[in-house]
Amino acid sequence: MAVDATAADRSFPKSLEKESAERGQRTVWYRYRAYRLDGGWIQALTRRGRVVSRALGTSAAPTKYLPMPRTELPAEFAKVISEKDVLQFVGNYGLLGFSQASLTTMSAEPYPDETREPIDWVLMHARTVRFILEMHDALRKPAALRRILEQALTPVPDNPRTRVPGFTMLTFAERGLLEPRQVRAEDYGYAPDGPTPSGFARNIIAEILNVNLAGVHRHVSPRLDSVWRAESLIDVVYWLLADAVSNRTIRRCHFCGHFFTAATTSKRQYCPPPRNSAGDGPCAQNDRARRYRLQKKQEAARHPQTIARHRSRSR
Ligand SMILES: [Zn+2]
């Protein structure tokens, strides 16, 4: 199982504590020793590979960490497409917190077990986060934005029996709800044959973020500190996503197309290197190698004789 920086996490290094306190919050999250996919669920395991007792809940998790300084969370979560990706993401950051979110989402069925959560729920949220990132990236690219929206929107025809006129449906994940929330795109300014829908995209980005920020709130601790707190990791993901979207710190890698976060002042155009290492990441290196091969190929096409002569001489 891929797990990063566990030793450092356990002791809450000063730098993380400071960064977290500067952001005025104290959200702590939990990671178990291992996880496994289990018939539509992702289940926390003990060191010996046994199912964690549901009664122990998060008190049985050996690792506690502060997720707020992990600004890479939304972009990393957006890469989750398959069940295998869920397993890897959860191995790194812990469960998303379906149980905690379900207890504090209006009209959700409370789910008391903190040691497992439905994979479909995780995938639905990852899709929603990806949708926001793609729309945000395409706000100034009308053709790309139209393509993204065409894929996401479903036209619902007139219903002559109920006399409900046709509309355009959009679905997205909402905190602890198992089923996607459905809205009428027209209520957010969408017109199927209208002009470039960037206003609509902004309305939808704001709506999805606002709905999913309901688990972030102000909290006063017994030490009488007033801090921001999130109920679950999924709440932290949307919190960081809202910050990234409003501060424009989210970018798309020029090589692989994945999203990543970078400071506004950073010149980075490719996925960053693994945490705690400096310099270029693998995508920057791969793109350099690709450009080099392309250049060699073009040179060969331009001067075939030179190269043939060079080859025969070196033989
Ligand atoms: Zn990349």
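Residues numbered from 1 in each chain as written. Predicted model: local features only at pLDDT ≥ 70, side-chain atom pairs only at ≥ 80, totals over all residues.

Draft legend 1. Summary view of the sheet that holds strand β8 (residues 181–184). Pairing within the open sheet is antiparallel, and its 3 strands lie in the order β6-β7-β8. Pairing within the sheet leaves two strands with one partner each, and these edge strands are β6 (154–156) and β8. On average, each strand axis in the sheet is tilted by 35° relative to the strand beside it, whichever way the strands run. (Pairing = 2+ DSSP bridges. Helix = DSSP H or I, 4+ residues; strand = E, 2+ residues; numbered from the N terminus. Axes fitted to C-alpha atoms, helices over the stretch in contact; angles between N-to-C directions.)

Draft legend 2. Expanded view of helix α10 (residues 282–302). The end-to-end C-alpha distance of α10, which contains 21 residues, comes to 30 Å, matching closely the 30 Å that a straight helix rising 1.5 Å per residue would cover. In terms of burial, α10 is largely open, as just 1 of its 21 residues are buried. (Expected span 1.5 Å × (residues − 1). Buried ≥ 20, exposed ≤ 12 C-beta atoms within 10 Å, placed from the backbone.)

Draft legend 3. Here's a closer look at the pairing of strand β9 (residues 216–220). When you tally the buried positions in β9, you get 0 out of 5 residues, a small fraction of the element. In the sheet, β9 pairs with strand β10 (residues 226–230) via 5 bridges, with the strands oriented antiparallel. Bridged to Arg218 within β10 is Trp228.

Draft legend 4. Region of interest: the confidence of the model for the chain. Across the chain, pLDDT averages 89, with 89% of residues at or above 70. For the chain, the element scoring lowest by mean pLDDT is helix α1 (residues 6–10), at 42; helix α6 (residues 119–137) scores highest, at 98. The model gives residues 1–10 a pLDDT under 50, and that stretch makes 15 contacts with residues more than four places away or in other chains. (pLDDT = per-residue confidence, 0-100. Contact = placed C-beta atoms within 7 Å.)

Draft legend 5. Structural detail: the pairing of strand β7 (residues 167–172). Of the pairings in the sheet, the one linking β6 to β7 comprises 3 bridges and is antiparallel in character. Residue pairing in the sheet places Val156 in a bridge with Phe167 of β7.

Draft legend 6. Broad picture of the sheet that holds strand β2 (residues 34–38). Read across the open sheet, the 3 strands follow the order β2-β3-β5; overall the sheet is antiparallel. Each having just a single partner strand, β2 and β5 (116–118) make up the two edges of the open sheet. Averaged over neighbouring strand pairs, the angle between their axes works out to 20° when direction is ignored. As paired strands, β2 and strand β3 (residues 41–45) are joined by 5 bridges and run antiparallel to one another. Bridge assignment links Asp38 to a residue of β3, and that residue is Trp41.

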